Amino acid sequence: MTGTRIYLDYNATAPLRSEAAEAMRRAIEAAEKASGTGLGNPSSVHGEGRKARALVEEARRDVAALLSAPAEGVIFTGSGTEAVNLAVAQAEALSCSAVLYGASEHACGLGAAEASPLASRPIPLLANGLVDLAALESLLKEAGEKPFVLLQHANNETGVVQPLEEAARLVREAGGILASDLVQSAGKTAIDIKALGIHMGAISAHKMGGPQGIGALVLAEDMPLTPLLHGGGQERRRRGGTENVIGIAGFAAAAKAALNDMESLEDQRALRDAFEARLKEHAPGVVIFGESAPRLANTSCFALEGAGASAEMLLMKLDLAGFAVSSGAACSSGKVAASHVLSAMQVKGTLSGSAIRMSLGRESTLEEVLALADAWAGAAVKHDASAPGAVMAS
């Protein structure tokens, strides 16, 4: 596959789907039309405004359908990060007693929780990446009458899927509110937001093949919500600012396409399993993080202890070889830093420091993932007896 770029970093961003691009193109063309036929401001009462409003409301229904949520519960935001921050801001607005958050939350969740004026505490993980439900139960008892909990559904680095239904039962029994970061799981696993038992969930368009710069906070049930952005009556007075009509059109098209493509997820699981099997052929001592826990079908996070190669060095070598992969979250200004997720899983620093994440999409192929496994082995596996479990890379 010499000379070919292979993109296997879908958890960072998924390439724009053709359905989303077409929906955005149509919205742009409508906006370019002469007065009387084009799109206006969705808040305007004239014909052009009503046309834009109709597009937004149709998109709201399509996005809601992805989560089996009520359309009126969808609040469009500028990103998944904004949606998570909007969710956590409700802790103070609803007079909650404290904020509890998963130790492996995305950086936006950690930042929002730590910035809350309320007392905040992390919920520890088990070694397999799952949240410690016994610890959560104890923390809920200590947190007061109305705790607020933020718990990511699927982790962006390891793909580990959290037991949201069990967590929701504990939170509701404690009289609390549960928000979830659904950014990585939406479009990659079937979600019924009400069946999960959460109160609200944050999603982002670009993780499912929509445009960047558009997300949503989705309420599972009717509840008061205090906006982060003031000064406008948009989104039923829950998020000020003129709606990004073109981005919303692309978001809805991507959500609709992702819902229709759910069957393809098993194909991605088969590719991931074949990839991990090839890794183990090259290096029987390779560690697959979260392997014993439920995971997204498209995600593999792995490392080989004692290989002597840091994640930064491996990423550089793989990039030069034509592979786009990651060492974890892609939200650190291009820096390769120690993974707080793996630290929360009690992974040793030397092993954590060489971890690589591969994440698939619907266009990924067996040839691509096997080529990556071979390239990784060539870069990471020591071809001598000093590397436990290492074998000659083919």
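Scoring rules and cut-offs
Within every chain, residues take consecutive numbers counted from 1 along the sequence as written. In keeping with the predicted nature of the model, local features appear solely for residues at pLDDT of at least 70, side-chain atom pairs appear and are counted solely at 80 or more, and the whole-chain, interface and lining totals rest on all residues. Only hydrogens and water are set aside when side-chain values are computed; all heavy atoms of the structure are taken into account. Numbering of helices and strands runs from the N terminus; a helix is a DSSP stretch of H or I covering at least four residues, while a strand is a stretch of E covering at least two. In this analysis, strands are considered paired if DSSP registers two or more bridges between them. Think of each axis as a best-fit line through the C-alpha atoms, taken over the contacting stretch in the case of a helix, with angles from 0 to 180 degrees between the N-to-C directions. Confidence per residue, as judged by the predictor, is encoded in pLDDT with a range of 0 to 100. In what follows, residue pairs with any heavy atoms lying within 4.5 Å of each other are defined as contacts. Multiplying 1.5 Å by the helix residue count minus one yields the expected span of that helix. Buried, partly exposed and exposed residues are distinguished by accessible area as a fraction of the type maximum, computed with a 1.4 Å probe on protein chains only: under 20%, between the cut-offs, and over 50%, respectively. What the arc describes is the spread of directions from the helix axis to the C-beta atoms. Only rings of Phe, Tyr and Trp enter the pairing, Trp through its six-membered ring, and a pair is recorded when the two centres are within 6.5 Å. The plane angle decides the type: under 30 degrees is stacked, over 60 is edge-to-face, the rest tilted.

Re unusual backbone geometry
In terms of backbone geometry, most residues other than glycine have negative phi values and most peptide bonds are trans. The phi dihedral of Glu235 falls on the positive side, at around 50°, and the residue is not glycine. Position of Glu235 among the secondary structure elements: in helix H8 (residues 234–237). In this model, Arg237 sits at a positive phi of 65°, which is unusual for a non-glycine residue. Mapped onto the elements of the fold, Arg237 is located in helix H8.

With respect to the sheet that holds strand S2 (residues 74–77)
With mixed pairing, the 7 strands of this open sheet are ordered in space as S2-S8-S7-S6-S5-S3-S4. In the strand order of this sheet, the two ends are held by S2 and strand S4 (120–123), each with one partner. Taking each pair of neighbouring strands and ignoring which way they run, the sheet shows an average axis angle of 20°. When strand S3 (residues 98–102) meets strand S5 (residues 147–150), the two strands line up parallel, connected through 4 bridges.

Focus on the confidence of the model for the chain
Per-residue confidence for the chain averages 92 on the pLDDT scale, and 92% of its residues sit at or above 70. Across residues 383–394, where pLDDT falls below 50, the model places 22 contacts with residues more than four positions away in sequence or in other chains.

Observations regarding helix H10 (residues 265–282)
An ideal rise of 1.5 Å per residue puts 26 Å on 18 residues; H10 measures up with 26 Å between its terminal C-alpha atoms. For H10, the complete set of buried residues consists of Leu265, Gln268, Leu271, Arg272, Phe275, Glu276, Leu279 and His282. The buried side chains of H10 occupy one side of the element, clustering within an arc of 130° when seen end-on. Turned more than 90 degrees off the buried face of H10, the exposed positions are Asp267 and Glu281.

Some words on the sheet that holds strand S9 (residues 287–288)
Read from one edge to the other, the open sheet built from 3 strands follows the order S9-S10-S12, with strand pairing classed as antiparallel. The open sheet is flanked by S9 and strand S12 (356–359), the only strands paired with a single partner. Pairing of S9 with strand S10 (residues 299–303), which is carried by 2 bridges, proceeds in the antiparallel orientation. In the sheet register, Val287 faces S10, and the bridge partner there is Ala303. With respect to the sheet, H10 is in contact with S9, S10 and S12, its orientation differing from that of S10 by roughly 10°.

With respect to the packing of aromatic side chains
Tallying each qualifying case throughout the model produces 4 aromatic pairs. When the ring of Phe76 is compared with that of Phe251, the centres are 6.1 Å apart and the planes differ by 65°; the resulting orientation is edge-to-face. Of this pair, Phe76 sits in strand S2 while Phe251 sits in helix H9 (residues 245–260), and the two are 175 residues apart along the sequence. When its relative accessible area of 3% is taken as the criterion, Phe76 is described as buried. Centre to centre, the rings of Phe302 and Trp376 are 5.5 Å apart; their planes meet at 85°, and the pair counts as edge-to-face. Remark: Trp376 occurs in helix H14 (residues 366–380) and Phe302 occurs in strand S10; sequence separation between them is 74 residues. You'll find Phe302 and Trp376 in the same group, each marked buried. Each residue in the set Phe275, Phe302 and Trp376 is aromatic and connected to the rest through ring pairs, giving one cluster.

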